[in-house]
Amino acid sequence: MTTTSTASGFTATGAGAEFPVGTVEPDYVLTEALGTDPASVFAGIGDGDREYWDRARRFVQDEVLPVIDSYWERADYPVHLVGRLGELDLLRDGVQVDGFPTMSRMAAGLVNMEISRGDGSVATMIAVQGGLALRSIAECGSAEQQQRWLPAVAAGKEFAAFALTEPTHGSDAVALESTATSTAGGFLLNGEKKWIGNGSVGGVCVVWARGEDGQVHGYLVPQDSPGYSATKIEGKLALRAIWQAHIRLENVFVPQENVLPGARTFKDTARVLLATRLGVAWSAVGHATACYETAVQYAKQRMQFGRPLAASQIVQERLARMLSELATMQLMVVQMTRLDEEGALTPEQASLAKYTCTRIARGIASNARDLLGGNGILLANRVARHLADIEAIHTYEGTETMQALIIGRGITGISAFA
Ligand SMILES: Cc1cc2nc3c(=O)[nH]c(=O)nc-3n(C[C@H](O)[C@H](O)[C@H](O)COP(=O)(O)OP(=O)(O)OC[C@H]3O[C@@H](n4cnc5c(N)ncnc54)[C@H](O)[C@@H]3O)c2cc1C
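Residues numbered from 1 in each chain as written. Predicted model: local features only at pLDDT ≥ 70, side-chain atom pairs only at ≥ 80, totals over all residues.

1. Observations concerning the packing of helix α7 (residues 266–301) against helix α9 (residues 347–371)
Put simply, the rule is: Whenever a helix is involved, its axis is fitted only over the stretch in contact; in every case the axis is a line through C-alpha atoms, and angles between N-to-C directions fall within 0 to 180 degrees. Secondary structure elements are taken from DSSP: a helix is a run of H or I of four residues or more, a strand is a run of E of two residues or more, and numbering for both begins at the N terminus. The labels follow the angle: roughly parallel below 35 degrees, roughly antiparallel above 145, roughly perpendicular from 65 to 115, and oblique for the rest. With the far helix as reference, a near helix turned anticlockwise by less than a right angle produces a left-handed crossing, and one turned clockwise produces a right-handed crossing. Under the scheme applied here, ten amino acids are nonpolar (Ala, Val, Leu, Ile, Met, Phe, Trp, Tyr, Cys and Pro), four are charged (Asp, Glu, Lys and Arg), and all others, including Gly, are polar.
Closest axis-to-axis distance for the α7/α9 pair is 8 Å, and the angle between their directions is 20°. Here α9 runs roughly parallel to α7, going by the angle between their axes. Where α7 crosses over α9, the handedness of that crossing is left-handed. Here the contact of α7 with α9 is built from residues that sort into 22 nonpolar, four polar and two charged.

Below is the structure:
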């Protein structure tokens, strides 16, 4: 009988053993960024945009991946990363702020993708603080409000939240019931908000409420205002490393100077939401990239039946399918972003991007999870976290069905929402 130790740590025992046996499992190396770009869609990315992308990638490799599983498992919020995103100028989601360099829509998309490749909770910090709150103030705020809040929020020195959804109004947020009634020197806000990222961590909250004219308006509410109370939502199975809050507003006084002058109807709210929808599609590409790249690395390292999983035809076909789907997503977000930069992106196109990418990403994550076998449900092997987090981005900023109804209205000319 012969016993041979192999470099991989496996031990082949007995003459004629057909494949390595042994009980020591190798430490799989699964987090390398492989630069997957089968259709060379990123080949033409300009230097300025690439610089943002590279910075995001370094941040993910050095500061996100080493710590995120622990925060995710404890459902703890690594708030220091908001500050770091601000310091690295990765928090703005392409919103222009005086004193900050130009950040193109493409750069914002690449950052969303890259940070999501690392972690969905960290990407959601950008979506909430930069994409929604900062953009609301930039698009609807007065010069004084912009001066007061934009630099601090963009730099991650102050937290910012965006409170639209209510416990009884999600997809039909247009029917929101929180109210703003006039009082001496301003307004009193009453109502409830649910699922509000950053809603319980201090800073400013952009609250959407119905005024006495029946229209939806935006109000800047410091979270330490009397009557503002926020409870962290517990028991989430997705995006566990960022907190969402259930907010109660009881006669919260908002001075006139904190009313967003450019938010006069729900159409203004919808304008902000439209600008961020494509960003969620980019995030889906990031999640799918992480899952695909993990699956490739695992398939090459995991030995079964005496050979790597990657040597099986079926595994190769599955990887090919994932790659094909990923290429579709990449082509779509890059083309839609080009349209966005030309000012030509339609709401239906933004919805098509989100609808397509979050749906495909869900499939890739599920396929990758299966390919990792039992190891696929372990946090340490990345895929399970992405699989869970995709469920949240599939829902927020308009569910898959809402996107389908926007696309369907475009196809048929018939609104089928109600
Ligand atoms: C992790 C997370 C973070 C979030 N962050 C924020 C935030 O920071 N700020 C904020 O304001 N909101 C936030 N949201 C809220 C999010 O935008 C809503 O969850 C989303 O709009 C869906 O609303 P809902 O959950 O109430 O689902 P519902 O609207 O109750 O939908 C339930 C299901 O019914 C379907 N449905 C609804 N209407 C129709 C219809 N007419 N026809 C067919 N099907 C329909 C939906 O597609 C869905 O499948 C967040 C949500 C999550 C999960």
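2. Considerations on the environment of Ile407
Going by this rule: Counting other C-beta atoms within 10 Å of a residue's own tells you its class, since 20 or more makes it buried, 12 or fewer makes it exposed, and anything in between is partly exposed; those C-beta atoms are placed from the backbone. Whether two residues are in contact is decided by their C-beta atoms, placed from the backbone, lying within 7 Å.
Following the sequence through the fold, Ile407 ends up in helix α11 (residues 400–412). A count of 18 C-beta atoms within 10 Å places Ile407 in the partly exposed class. A C-alpha to C-alpha distance of 8.5 Å links Ile407 and Pro347, two positions 60 residues apart in sequence. Among all residues touching Ile407, those that are not within four sequence positions of it are Glu348, Ser351, Leu352 and Tyr355.

3. Remarks on the site of the ligand
Quick reminder of the rule: For each residue, a C-beta position is placed from the backbone atoms; the residue is near a molecule or strand when that point lies within 6 Å of it. Throughout, the edges of the domains are those of an automatic or database domain assignment.
Neighbouring the ligand are 20 residues; Leu164, Gly170, Ser171, Thr399 and Thr401 lie closest to it. Of all the secondary-structure elements, those providing two or more residues to the shell around the ligand are β3 (160–163), β5 (186–197), α10 (383–395) and α11. The leading source of residues in the shell around the ligand is β5, at three residues. Its residues placed into classes, the shell around the ligand shows eleven nonpolar, eight polar and one charged. Taken domain by domain, the makeup of the shell around the ligand includes at least three residues from each of domain 2 (160–265) and domain 3 (267–412).

4. Quick word on the pairing of β5
Where we set the bar: The rule for pairing is simple: two strands pair if DSSP sees at least two bridges between them.
Note: strand β4 (residues 179–183) against β5, five bridges, orientation antiparallel. Within β5, the position partnered with Ser182 by the bridge is Phe187. Following β4, the chain reverses through two residues before pairing antiparallel with β5; Gly185 in that reversal takes a positive phi of roughly 80°. With nine bridges connecting them, β5 and strand β9 (residues 244–255) associate as antiparallel partners. Looking across to β9, one finds that Ile196 is bridged to Ala245.

5. Some remarks on the domain arrangement of the protein
Under the domain assignment used here, the protein contains domain 1 (47–154), domain 2 (160–265) and domain 3 (267–412). Computed over C-alpha atoms only, the centres of domain 1 and domain 3 are separated by 20 Å. Counting residues at the interface gives 24 residues for domain 1 and 25 residues for domain 3. Looking at the side of domain 1 that touches domain 3, the elements that each hand over two or more residues are α2 (68–74), α4 (105–118) and α5 (120–140). For the side of domain 1 that touches domain 3, the element with the highest residue contribution is α4, accounting for ten residues. Class assignment of the residues belonging to the side of domain 1 that touches domain 3 gives a composition of nine nonpolar, seven polar and eight charged.

6. Looking at the nonpolar core
Under the convention used in this document: Here, a nonpolar core means buried Ala, Val, Leu, Ile, Met, Phe, Trp, Tyr and Cys residues linked by C-beta atoms lying within 7 Å of one another.
Residues Tyr219, Ala288 and Ala295 are the most contacted members of the largest nonpolar core, which totals 122 residues. When residues of this core are assigned to their parent elements, the largest contribution, 17 residues, is made by α7. Setting aside its immediate chain neighbours within four residues, Ala288 contacts Leu326, Met329, Ile360, Ala361, Ile364 and Ala365.

7. Description of the confidence of the model for the protein
Defined as follows: pLDDT measures the predictor's confidence residue by residue and takes values from 0 up to 100.
For the protein, per-residue confidence averages 94 on the pLDDT scale, and 95% of positions sit at 70 or higher. Here residues 1–17 is modelled with pLDDT under 50, and outside its nearest four sequence neighbours on either side it reaches 23 contacts, counting other chains as well.

8. Topic: the pairing of β9
Of the strand pairs in this sheet, strand β8 (residues 228–232) and β9 are connected by five bridges, and their pairing is antiparallel. Within the sheet, the bridge partner assigned to Ser229 lies in β9 and is Arg248.

9. Regarding unusual backbone geometry
Even without a glycine there, the phi angle at Trp195 is positive, about 75°. When you line up the elements, Trp195 lands in strand β5. With 20 C-beta atoms packed within 10 Å, Trp195 lands in the buried category. One non-glycine residue, Asn251, lies in positive phi territory at about 50°. Position of Asn251 among the secondary structure elements: in strand β9. Given 11 C-beta atoms within a 10 Å radius, Asn251 is considered exposed.

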